[in-house]
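Next come the chains, spelled out residue by residue.
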Amino acid sequence: MTVVKRRRSLSHVGGEVERWGDREPAAALAQALDVEPASEPSGRGEGDAREDDPDRVHVHGFHTYPARMHPATAARLVRAFSDEGATVLDPFCGSGTVLVEAMIAGRRAVGTDLNPLAVRLAALKTTPRDAHAREALVAAARTVAKVADERRARRAGATRRYPPEDVATFDPHVLLELDSLRAAVADLPDRATSEALGVVLSAILVKVSRRTSDTTSHAAPRRIAAGYTAKLFVRKTEELARRLAAFEALLPPGAHPARVAVDDATRLRTVQASTVDAVVTSPPYAGTYDYVAHHALRMRWLGLDAQPLAAGELGSRRRYARLGGAAEARASWERELASALRAMARVCRTGARIVLLVADSAVHGEALRADAAVATVAPRVGLEPVARASQRRPHFHAPTQRAFERTPRAEHAILLTKRPGSTAHG
């Protein structure tokens, strides 16, 4: 085993790349990390999601999602560590970045997530629609918008009572328009169309709200004209149709839609044992995000059950903040990682390659090194570390910045393989 460091341009956020393990896979991991960082839009205005932005091309840029894997990273990992026609699993699929790139690369994509919004979004992005189906989707959106316009013209009231947080988030006339759009979407006779347009509604919620961005609850006054929300809904659906067309043009002949399901990554009940050829995934970072809180508004408006996610979300900041200290947080994180890796080992074939993209985090003022945690728990569940590439990443959480004073925070691409005849334990 050797360690090789490679100096990068100072303009690159990651700086130098450290490699460990077998030379060729380590080089492939390093190349996957060596991309410009993804830029999440502000959540304000329909011009945010530029369709020519390299990290937001075609369906990747349709809907914001925190901590998305860069599409170039996903594409490089899929192509480097799986063969054409192989089954590639992402058990933390989020918005579906890995699934989309797996389909483009001619792989069979399987995704799971405990977040029902993620599953609905990933399914929408990975279900090819021909020109007729895309036109029908836009036509349905125009019908929904017409209902909203008619209700606005006759000053109809809301179809249901809304909680105080929604009243505080939207101007009254915007809330009424959203209510009309939501009700009309729910009344559509075709379930697939209703669910697709529900995701479109999810995509515009923050854009017409008083929130200053997609990732904050801070509010600021906005001037939104009457009827704008319904028009934006139609424009967003038209954008979706364009993105789906661009995605379909990239797919190889005979491409299969991804199979996406709500599932707990520590169980993977929807995936049969020994059926997966490769895993490419980015597990949650310990103590960093609260996906329940981030998506509460959207799940509420789509009528999705957030309770399973609230109970089973791995690495949630709210739970790690309640732990007794850094040692307890480290032990908890290793248990969670072990549970997820054990499930991956069960569904993988012998010799399957598992790539984890995971970053260091900090809890109670101390760093949790993701590479060390994976190296500790992987052998317990029958997985062998093969190679790693690590690159420096900024740490924006001010209260825990001192945790990385001596050794900077890093993001790691880690390759594991399922050993022949191995059984999980520990």
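The structure we're discussing is the one just above.
Presented here is a report on the structure given in the accompanying data block. (Residues numbered from 1 in each chain as written. Predicted model: local features only at pLDDT ≥ 70, side-chain atom pairs only at ≥ 80, totals over all residues. Heavy atoms only, no water.)

With respect to the helices, strands and loops of the structure, glycine 325 is situated in the loop between helix H13 (317-320) and helix H14 (326-347). For glycine 325, a relative accessible area of 16% puts it in the buried group. Separated by 40 residues in sequence, glycine 325 and glycine 365 have C-alpha atoms that sit 8.9 Å apart. (Helix = DSSP H or I, 4+ residues; strand = E, 2+ residues; numbered from the N terminus. Buried < 20%, exposed > 50% of the residue type's maximum accessible area, 1.4 Å probe, protein only.)

Moving on to the side chain of threonine 97. On the secondary structure map, threonine 97 appears in helix H3 (residues 97-104). Not counting the four nearest positions on each side in its chain, threonine 97 is found in contact with His60, Arg68, Met69, His70, Pro71 and Ala74. (Contact = heavy atoms within 4.5 Å.)

Moving on, we come to the pattern of salt bridges. In total, this model carries 21 salt bridges according to the counting rule given. The partner of arginine 152 in a salt bridge is aspartate 149, with the nearest N and O atoms 3.4 Å apart. Note that arginine 152 and aspartate 149 are positioned in helix H5 (residues 131-153) at a spacing of 3 residues, about one turn of the helix. Given a relative accessible area of 29%, aspartate 149 falls into the partly exposed group. A salt bridge links arginine 369 to aspartate 360; the shortest N-O distance between them is 3.1 Å. The network of salt bridges with shared partners includes Glu18, Asp371 and Arg388. (Salt bridge = Lys/Arg side-chain N within 4 Å of Asp/Glu carboxyl O.)

Glancing now at the packing of H5 against helix H7 (residues 172-186). It is the contact of H5 with H7, at a shortest axis distance of 8 Å, that shows an interaxial angle of 135°. Taken together, the axes of H5 and H7 are oblique relative to one another. Of the two possible hands of crossing, H5 and H7 adopt the one that is right-handed. Only Glu177, Asp179, Ser180, Leu181, Ala184 and Val185 of H7 make contact with H5, whose side of the interface consists of Val144, Ala145, Val147, Ala148, Arg151 and Arg152. For the contact of H5 with H7, the class distribution of residues is 7 nonpolar, 1 polar and 4 charged. (Axes fitted to C-alpha atoms, helices over the stretch in contact; angles between N-to-C directions. Parallel < 35°, antiparallel > 145°, perpendicular 65-115°, else oblique. Left-handed = near helix turned anticlockwise from the far one by under 90°. Nonpolar A, V, L, I, M, F, W, Y, C, P; charged D, E, K, R; others polar.)

Further remarks concern the nonpolar core. If you look at the biggest cluster of nonpolar residues, it comprises 85 residues, and the most contacted ones within it are Leu29, Phe170, Leu178, Leu197, Phe233 and Trp301. Excluding residues within four positions of it along the chain, tryptophan 301 makes contact with Tyr162, Asp166, Phe170, Leu175, Leu178, Asp179, Arg182, Leu201 and Leu205. Counting 40 residues, the second largest nonpolar core, distinct from the first, contains Val271, Ala359, Val363 and Val377. (Core = buried A, V, L, I, M, F, W, Y, C linked by side-chain atoms within 4.5 Å.)

Of all 10 residues in strand S10 (residues 383-392), 7 are buried; the element is thus mostly enclosed. Alignment of strand S2 (residues 17-21) against S10, held across 5 bridges, turns out to be antiparallel. Of the residues in S10, the one forming a bridge with glycine 21 is alanine 387. Sheet topology note: the S10/strand S11 (residues 410-418) ladder contains 9 bridges and is antiparallel. Counted as the bridge partner of arginine 388 is isoleucine 414 from S11. (Pairing = 2+ DSSP bridges.)

Structurally, glutamine 391 is set in strand S10. Since its relative accessible area comes to 1%, glutamine 391 is described here as buried.

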